[in-house]
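Below are the chains, spelled out letter by letter.
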4 protein chains.
Amino acid sequence: MLTPVPDYLDEVLDGVRDDHAGERAAYIPELANADPDRLAFALCMLDGTTYAVGDADVAFTIQSISKPFAYALALAEHGLDAVLAKVGVEPSGEAFNELSLEADSRRPLNPMINAGAITVHSLLDDEQVRRGFAAFAGRDLAVDESVFASELETADRNHAIAYMLRNHAVISSSPVDVVEGYTRQCSYLVTVRDLAVMAATLANAGVHPVTGEQVVPRWVARQTLSVMTTCGMYDAAGDWFTAVGIPAKSGVAGGLIGAVPGKGGSAAFSPRLDSHGNSVRGVRIFERLANDMNMHLMEVPPPARSVVRGQRALALRGEDGEEVETWLYELQGSADFVGLEGLLRNLDRNPPQTHEVVLDLTHVHEVLDVGRRMLLEGARRLTLDGHHVTFVDPEGLLSGDEPDALDVGDGAEAAVVRTC
Amino acid sequence: MLTPVPDYLDEVLDGVRDDHAGERAAYIPELANADPDRLAFALCMLDGTTYAVGDADVAFTIQSISKPFAYALALAEHGLDAVLAKVGVEPSGEAFNELSLEADSRRPLNPMINAGAITVHSLLDDEQVRRGFAAFAGRDLAVDESVFASELETADRNHAIAYMLRNHAVISSSPVDVVEGYTRQCSYLVTVRDLAVMAATLANAGVHPVTGEQVVPRWVARQTLSVMTTCGMYDAAGDWFTAVGIPAKSGVAGGLIGAVPGKGGSAAFSPRLDSHGNSVRGVRIFERLANDMNMHLMEVPPPARSVVRGQRALALRGEDGEEVETWLYELQGSADFVGLEGLLRNLDRNPPQTHEVVLDLTHVHEVLDVGRRMLLEGARRLTLDGHHVTFVDPEGLLSGDEPDALDVGDGAEAAVVRTC
Amino acid sequence: MLTPVPDYLDEVLDGVRDDHAGERAAYIPELANADPDRLAFALCMLDGTTYAVGDADVAFTIQSISKPFAYALALAEHGLDAVLAKVGVEPSGEAFNELSLEADSRRPLNPMINAGAITVHSLLDDEQVRRGFAAFAGRDLAVDESVFASELETADRNHAIAYMLRNHAVISSSPVDVVEGYTRQCSYLVTVRDLAVMAATLANAGVHPVTGEQVVPRWVARQTLSVMTTCGMYDAAGDWFTAVGIPAKSGVAGGLIGAVPGKGGSAAFSPRLDSHGNSVRGVRIFERLANDMNMHLMEVPPPARSVVRGQRALALRGEDGEEVETWLYELQGSADFVGLEGLLRNLDRNPPQTHEVVLDLTHVHEVLDVGRRMLLEGARRLTLDGHHVTFVDPEGLLSGDEPDALDVGDGAEAAVVRTC
Amino acid sequence: MLTPVPDYLDEVLDGVRDDHAGERAAYIPELANADPDRLAFALCMLDGTTYAVGDADVAFTIQSISKPFAYALALAEHGLDAVLAKVGVEPSGEAFNELSLEADSRRPLNPMINAGAITVHSLLDDEQVRRGFAAFAGRDLAVDESVFASELETADRNHAIAYMLRNHAVISSSPVDVVEGYTRQCSYLVTVRDLAVMAATLANAGVHPVTGEQVVPRWVARQTLSVMTTCGMYDAAGDWFTAVGIPAKSGVAGGLIGAVPGKGGSAAFSPRLDSHGNSVRGVRIFERLANDMNMHLMEVPPPARSVVRGQRALALRGEDGEEVETWLYELQGSADFVGLEGLLRNLDRNPPQTHEVVLDLTHVHEVLDVGRRMLLEGARRLTLDGHHVTFVDPEGLLSGDEPDALDVGDGAEAAVVRTC
């Protein structure tokens, strides 16, 4: 059979194809004359699989979508404190091209407005940007020299911003050089395939889903996605987050990316923009997907089933061949704080009535750090209460490859077996 | 055994107890003279279990934490469009008490600043607020009449805001009455237990975790949490979201709530405030918890294991007693878009080699809408390819209580059995 | 013969009568329904003579034209420093109804915007305003109770401003009471005759030109006219001052006053307003008058003729009957700094060649303080050089009614005679 | 004798010499290291006489004092409308270096803030500035190349402003070139002598008091002085105008000029600046002078004496040798509107009782245009009433050099004689 996912994405594209609202960016000929009917979408899963529909191989300039990636590179290069000293993380409630410096510190309010993005760029050199973007995309990206030249010629506002930044000692290098570099950064050519995989890299804790490279550290990806959440869509950040509910960034050439942490990255392309500078059809595509796919981060999932799948007393045959009365807890799902809080509470309110206690992880598919700590603490407390605890851990989620016993603290141990 | 959760929370409180930074709110005697050492925390799970440590039974005024709940009540009462016509959802990057009206529409920028909250209050009457808050808290709340009187006496700025709102026709009722009602709304007495359960109600899609009442519709909870995400922490919204990463709201009496959709609600109380008006120790508690519990919404979880737990050919004995070669897919975890995309891709790339195909949901613990659609579409396509599809669905996740066959479209059916 | 002045003023009115541009103020019925064709002008000379043409006896509400007079009354009542501590004197470049508080002090920027005018009003009680306005107008003024009631009903913005002022501790009394009083202050009924005489009182150093009452001290009139110069015409202050060049104030009912220090006061009335809130035809009338009458304060007068009308040697018959060779200086015009600087320079460069020196003030029509000091200092120096100085001062400008000798310092005296 | 004026000015300087308040501008070494004790003052009368005391020959850079002169040159070059299309005339209430563009038009608010001054400079070329400044000063001025280079190096804010201006299409030339030219304009070296004579040229209707050159047209001088009145002292314009009351402009090197239309120009120099960027001792000098000299434009002069010095009936011997009963009006002072309004009113209320009417201008020292029109209209009306009018006009104020009869309209004539 053929997977229906591309058909679904095609259907989503068809649903917005006839929307001709909005206008192309008009300030340079290259954007003003772009084919306004171009329409594309790509979705990159965290295993690297990419679905792409529409004009998915048409290249366009990355523009402001470069901002989160340059921010991530600067964070990785200089550390959080050094970057925060230069650029804040507060939403400005203003359009992309406002100065928006903090009243006291004169820092640009955030790295998604031009003042912040120019400052971020000043922390990198052109080669760092080139190589970093290549790492995010998984391939070398070319600069559209024509767009670059046109943008530079009309970059009066960015020059004004850069000079004002140097005036306030936010940047120290040549404003003309910084604007040139920043303009080049915005002129890289990408397709929705590139952008989806770049977004997926952020959604994948900084690890490129295809090349496997750790492009930026995990904390950098988290920081970058956080800032995209509150500041990514300019003065429409609130509208976007209430309606779509995922971190995102748009560019004036019509690109738009979204990333769902731990799920995937996606990108749309359609040149006509709304009054906020966001792609009209791009926004509609994401609204549809958010609705269809339950991707809104504020969407409460259906009540999770208890991590305790079942508990029962049974007679297990022990090593010595004798039957032993045993209290068995079958766990399931994700052993996170919420799940294990329930298990521990259960052990508290309904203490096991047998010496032997078995915690069966067969149906558990992941154990987070917090979960590991909670399981071991539970085992420790049971042991202190006089129980003997055995984990059934066929896949070594808790115990790793080898051990058949786990130190649970206070000198106590829990047994580990592969099968019940 | 005793669950270690309260011990952990006690430890968290101890970790911040000696932090005496910040100042109590000084504008009314009741707040200026509050015991600055009070410290409390509560955590409410979605099954209603509440952990509470420290001064968990000390009541304080809800203040600005009333804003998201009043917003939710107004949304439920009037619908999204009517409320959006009056109050926007954009972060203002400004302090709580700024006017922050949109340049064109003169709408307050969002419901978390005073101008927006006063407007929201004007859409409700005092009784609606009283009953709504009681529903959120699961008990009747009392007004601190002394705080109410003091606040009203010093409510010059709110009066100014309310008159300016009527001047711009954002509100139409008496500014004096609206400010009185809004001040009363801020003067309800709560404990961290109350706040945690109120936050949990938002995190639980509007359903009170103890009473089970649908206090506000699911979409209202989503909208409210979205606005808390971008606007909840005033001009420190970006700092908060990068550091803690969950929707939140603070109040000038020292309260602070956080909600994680689908996980739980929590609340801290400590009267000393930082320069943004947020509780110093409250913020630190949440930072610790976010870190310990992997609750940051931009934190990418460990790579989820594939929804396809295993696939293998086996000979099953059919109804007629004969062995039938069958291709079995064991699924696990949450059958959401990301998981099922993998299954469908797998079915595409490695088509089953037998007529019979079994999709075993035994280890699946939830099926979202999008997952149900994808499973049925997969079954339809397999059927069209000539396969016979059987779901093993012991808990009726897909099929509900009764049916043993599912219509998958185009007249095709898939079989459903309870056990493999 | 009949003086042509009224004919000229009639002609000025006729020149603008057909201009129907602009709109009446619309926020209360009384102003929205005012007869838009009303047109009046009055001119009050400093001897109290008043010319009035057009609808000169139609009463309208004084509105913002009350601001300079209330400011003057507050200055007279509390002194300069006390008033400056509450309200600044800086132009705001903003419309009349902006808050415009100073960034640091939170003082309203000036007394001509509402925030400043409300603050000024808070320094007075209603009776002080009533009596003060009566003193300025030379008659009791009545309040238009209907306008007062309507204004008060729509005074949301002023209430907002007043509450914000109390919030910043700029005012301490009840915002509701202050706005009521301020609204009453704006509702006094005046005619252009009243306004012209009120303006003339300011132009006359605070002395009412008809009653002769010193309504406010000289320094108060100067301060008030100064603030009218830079702040009187809202955000059109610069346009007005470049085009018309005299201190002025407009009101939303269509009134407009101008004052030329030492010359006179005038007032126009025509209800249709331009986008700044200034009377369209009123502004045109003043532009015409400024042009015709050379009243623009930046207009350089024709080169003044030297204060030294002539100087010559002549033989005067002394007291003893003998002829004495004498050097005579005939002075003329206004003996101010500029004039006497020239005389003193002349005495320096071309010292008198005789023992006797006569300074003839017969043709001098005024001697300022500075002139008196300079004349005496000149006489002193001449005396020290060995000359004998005699002032011819038929009208006692220098010497007052009686003396025939003036102490010029260092024990020297100059003689004074009435005729040459 | 020696004129006491220099002694007086020395005394004024001594009065402020010990005031060491304020700080030198610190942004370039040349200003930061300027001798802070320098103190100078110069006063230029409209006949070209200049008094200079203190360090009157020390040159310093003109800085922002160049703004009004460049504005005047641009007005003269392009006309009022073309310049107003680029730069407004409204006070901004802001510091000198704010952007302060009008909300709608994006024009800089006025030519005294940097944004406006840079725009004004863009309307001129360097040679026009050089020659224009030379004409104002009456000598070629040199550029301080060291200051110029330092200023250019730290001109980040001005570059930012210039780029923003081109972004808004307010200027069209190269921002870098405009800032270079503007910085050069600010780097011209001047002494207080130069500045006093430059100010005097504005005060003298554009005519240089020494060279007699009409440097800029009369209307340009008026426009420039008007803008200096409302915008010349940055955000202290109101303080200045209430205290000193004359058009002025300050520069960051410590210069400060003031001009009194029709009276003279003056300049102070003292490098220490107050928080507004105005010379501390310079401001104090002007405050003293304004007080001593009655120069405040809002200062009401002592009640002017009536233009009618006297009126009496007398028997004059006519041409035929017979005595003729005649009504004689002796006029005095300045025959301006205010004066002649009184004469005409007098003729109205107390009509002359004889056929012959004589208006004696012997003691009148100037007749303005408006006065001439009024005298002729009075004569016309008297003639129509049947009188025969004779002007005694020994200096030809009314009649010029020759005529012995004046056409007063309607075919009527008045006689003119030289002596009574």
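Residues numbered from 1 in each chain as written. Chains lettered and ligands numbered in written order. Predicted model: local features only at pLDDT ≥ 70, side-chain atom pairs only at ≥ 80, totals over all residues. Heavy atoms only, no water.

J.: Sorry, what's going on with the overall build of chain A here?
T.: Counting its secondary structure elements, chain A contains 15 helices and 13 strands. Each principal axis of the C-alpha distribution contributes one length, and for chain A these read about 85 × 55 × 35 Å. In chain A, which comprises 420 residues, the proportion classed as buried is 61%. Relative to all contacts within chain A whose residues are 6 or more apart in sequence, the contacts with residues 24 or more apart total 66%. Within chain A, the 62 negative side-chain charges are centred at a point lying 3 Å from the centre of the 33 positive side-chain charges. (Helix = DSSP H or I, 4+ residues; strand = E, 2+ residues; numbered from the N terminus. Buried < 20%, exposed > 50% of the residue type's maximum accessible area, 1.4 Å probe, protein only. Contact = heavy atoms within 4.5 Å. Lys, Arg positive; Asp, Glu negative; His and termini not counted. Charge placed at Lys NZ, Arg CZ, Asp CG, Glu CD.)

J.: Please explain helix 13 (residues 280–293) of chain B as it appears in this structure.
T.: Turn by turn, an α-helix covers 3.6 residues, leaving residues three or four places apart pointing in a common direction. Residue and element names in this part refer to chain B. An ideal rise of 1.5 Å per residue puts 20 Å on 14 residues; helix 13 measures up with 20 Å between its terminal C-alpha atoms. Most of helix 13 sits inside the fold, with ten of its 14 residues counted as buried. All of the buried residues along helix 13 are V280, R281, G282, V283, I285, F286, L289, A290, D292 and M293. Directly beyond the C-terminal end of helix 13, a positive phi value near 50 degrees is found at N294. (Expected span 1.5 Å × (residues − 1).)

J.: Would you mind going over the relation of the copies chain A and chain B with me for this structure?
T.: Copies of the same chain, two in number, are related to each other by a rotation about an axis and a translation along it. Superposing chain A onto chain B requires a rotation of 180 degrees together with a translation of 0.0 Å along the rotation axis, leaving an RMSD of 0.2 Å. In symmetry terms, the pair is related by a two-fold rotation axis. Taken as a fraction of all interface residues of chain A, those also at the interface in chain B reach 99%, which identifies the copy contact as same-surface. (Least-squares fit on C-alpha atoms with pLDDT ≥ 70 in both.)

J.: I would appreciate a short explanation of the pattern of salt bridges in the present structure.
T.: Considering all chains together, one arrives at 84 salt bridges over all chains under this definition. The partner of R38(A) in a salt bridge is D35(A), with the nearest N and O atoms 3.8 Å apart. Judged by its relative accessible area of 30%, R38(A) falls in the partly exposed class. By relative accessible area, D35(A) is classed as partly exposed at 36%. Its salt-bridge partner being R193(A), residue D57(A) comes within 3.0 Å of it at the nearest N-O pair. Taken as a pair, D57(A) in the loop between strand 2 (50–54) and strand 3 (60–61) and R193(A) in helix 10 (residues 192–203) lie far apart in primary sequence, 136 residues in all. Classification of D57(A) by relative accessible area gives exposed; the value is 58%. Through salt bridges with shared partners, a single ionic network connects D7(A), E377(B), R380(B) and R381(B). (Salt bridge = Lys/Arg side-chain N within 4 Å of Asp/Glu carboxyl O.)

J.: I'm lost on the sheet that holds strand 5 (residues 248–250) of chain A in this one. Help?
T.: For sheets, the rule is that strands pair by backbone hydrogen bonds, running either parallel or antiparallel. Residue and element names in this part refer to chain A. The strand order 2-1-7-6-5 describes an open sheet built from five strands, whose pairing is antiparallel. Of all the strands in the sheet, the pair left with one neighbour each is strand 2 and strand 5. Within this sheet the neighbouring strands show an average axis-to-axis angle of 10 degrees, counted without direction. Both strand 6 (residues 255–260) and strand 7 (residues 264–269) contribute to a ladder of six bridges, which runs antiparallel. The residue of strand 7 that forms the bridge with V260 is G264. The sheet contacts of helix 10 involve strand 1 (40–45), strand 2, strand 6 and strand 7, and relative to strand 7 the element is tilted by about 150 degrees. (Pairing = 2+ DSSP bridges. Axes fitted to C-alpha atoms, helices over the stretch in contact; angles between N-to-C directions.)

J.: Can you walk me through unusual backbone geometry in this structure?
T.: Trans is the prevailing form of peptide bonds, just as negative phi is the prevailing case for residues other than glycine. Residues and elements named next belong to chain B. Positive phi, close to 50 degrees, is recorded for Q63, a residue that is not glycine. Residue placement: Q63 occurs in the loop between strand 3 (60–61) and helix 3 (66–78). Residue Q63 is classed as buried on the basis of its relative accessible area of 3%. In this structure, A205 is a non-glycine residue whose phi angle is positive, near 60 degrees. Checked against the element boundaries, A205 lands in the loop between helix 10 (192–203) and helix 11 (218–231).

J.: So what exactly am I meant to see when it comes to the nonpolar core here?
T.: Side chains of a nonpolar character, in soluble globular proteins, are inclined to be buried together. If you look at the biggest cluster of nonpolar residues, it comprises 242 residues, and the most contacted ones within it are F41(A), F391(A), F41(B) and F391(B). Apart from residues lying up to four places away in sequence, F391(A) is in contact with L359(A), L361(A), L375(A), A379(A), L398(A), L406(A), A414(A), A415(A), V416(A) and V417(A). Ranked by size, the runner-up nonpolar core spans 240 residues in total, among them L46(C), A40(D), A74(D) and A221(D). (Core = buried A, V, L, I, M, F, W, Y, C linked by side-chain atoms within 4.5 Å.)

J.: When you look at the sheet that holds strand 6 (residues 255–260) of chain C in this model, what are you seeing that I'm missing?
T.: Residue and element names in this part refer to chain C. Read from one edge of the open sheet, five strands run 2-1-7-6-5, paired in antiparallel fashion. At either margin of the open sheet sits one strand with a lone partner, and together these are strand 2 (50–54) and strand 5 (248–250). Between one strand and the next, the sheet's axes are offset by a mean angle of 10 degrees, whatever the strand orientation. Most of the contacts of helix 10 (residues 192–203) go to strand 7 (residues 264–269), to which it runs at about 150 degrees, and overall it touches strand 1 (40–45), strand 2, strand 6 and strand 7.

Just geometry here; none of it tells us what the structure is for.
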